[in-house]
Each structure stands twice: as structure tokens, then as C-alpha cells.
Amino acid sequence: MYLKVFKMSSRQKFIDAAQEGKVLLLQCVKCMEMHTSTTYFCRKCGASKFADNIIDGTGKVATYTIITVPPAGFEEHVPYAFVVMKLDGADQRISGFMGGIATPADLPVGAAVRVYGYDERGLLIKFQ
């Protein structure tokens, strides 16, 4: 009997985690260093074997850019911010989309935010 095993892609695991308000990170099995899910070699020891580590998608705004003149396909979403957030409990930064941000007063650096989903724009982020 032939059994074919299909592994879920890292991309799909990342999306599924985001839909649950989580973030998929990869942890080096040799030195335990954490990485984003697009890493192929450990930046600390050079190893290439990783284990999935899903953490809460909460953190603080590190920086952002407010978009008022969007690229094609994003016209219905303006204004929005492309946000870089520092994750709580990990030394990682991730980026995503935060709707309804028109001015810097709408999104202070250091604000508590969280991942709440994923769509064609990427990670979706909102205030905690």
C-alpha cells in the first residue's frame, strides 16, 4: 500500500496562525534562536533545521508609514498604515496592515496592537 503524506506549507501555517491571532515563528533546533517563518538558515549558528513555534500575536508599534495614495488594488482601504510591530515575548518584528489610520495622532509609536487575521494585503493588525 502506498501512502502519500502532504505537509502543510509554511505559508499556510503562517496564515492559519494569523487567523487565530497568533504568529508562526521558527525555532532553531540546535541553538533555540527564534526566526520569522521565511528563514532557511539560523542567523546565530547556521543550522537549517527548525521547529514551529506559534506565539500570541501581540506587541507594540515600532514604526509605521501612513498610506493615503495607495497602489492599484488598495484604493478602497485608504487611509491605512503599514505597521512594523515588536512582538511581545520574542525578539522579532513583523509587519502588517492597519486600517483607518489617517494621521500620526491615530497611531502613536509604542501603542499596544495585535494580529487578528490575514488576507490578500498580508497580516491584519488592530489595537489591543
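A. Spotlight on the nonpolar core. Judged by nonpolar contacts, the single largest core of 24 residues is most densely connected at Val23, Val83, Leu87 and Leu107. The set of elements that each furnish at least two residues to this core consists of α1 (10-19), β1 (22-28), β4 (58-67), β5 (80-87), β6 (93-99), β7 (112-119) and β8 (122-127). Top element by residues in this core is β5. It accounts for four residues. The residue makeup of this core includes at least three contributed by each of domain 1 (11-56) and domain 2 (58-127). Excluding anything up to four places from it in sequence, Leu87 contacts Val23, Leu25, Ile55, Asp56, Gly57, Thr58, Gly59, Gln92 and Ile94.

B. Fine view of unusual backbone geometry. Along the chain, Val78 connects to Pro79 via a cis peptide bond; the corresponding omega equals -5°. Its identity as a non-glycine residue notwithstanding, Met32 has a phi of 75°, on the positive side. Relative to the assigned elements, Met32 resides in the loop between β1 and β2 (34-36).

C. Highlighting the packing of aromatic side chains. As enumerated under the stated definition, the model contains three aromatic pairs in all. Summarising the aromatic geometry, the rings of Phe14 and Tyr118 are spaced 6.3 Å apart at their centres and angled 90° between planes, so their arrangement reads as edge-to-face. With a gap of 104 residues between them, Phe14 in helix α1 and Tyr118 in strand β7 connect regions that are remote in the sequence. Overall, Phe14 belongs to the buried group, its relative accessible area being 18%. Residues Phe74 and Tyr80 carry aromatic rings whose centres are separated by 6.3 Å and whose planes lie at 35° to one another, so their mutual orientation is tilted. Looking at Tyr80, the relative accessible area reads 6%, which means it is buried.

D. Highlighting the pattern of salt bridges. As enumerated under the stated definition, the model contains four salt bridges in all. Note that Lys13 and Asp52 form a salt bridge whose closest N and O atoms lie 2.8 Å from each other. Taken together, the residues Lys13 in helix α1 and Asp52 in strand β3 (residues 50-56) connect sequence positions 39 residues apart. With a relative accessible area of 25%, Lys13 lands in the partly exposed category.

Rules and cut-offs
Residues numbered from 1 in each chain as written. Predicted model: local features only at pLDDT ≥ 70, side-chain atom pairs only at ≥ 80, totals over all residues. Heavy atoms only, no water. Core = buried A, V, L, I, M, F, W, Y, C linked by side-chain atoms within 4.5 Å. Buried < 20%, exposed > 50% of the residue type's maximum accessible area, 1.4 Å probe, protein only. Helix = DSSP H or I, 4+ residues; strand = E, 2+ residues; numbered from the N terminus. Domains from an automatic or database assignment. Contact = heavy atoms within 4.5 Å. Phe/Tyr/Trp six-rings, centres within 6.5 Å; stacked < 30°, edge-to-face > 60°. Salt bridge = Lys/Arg side-chain N within 4 Å of Asp/Glu carboxyl O.

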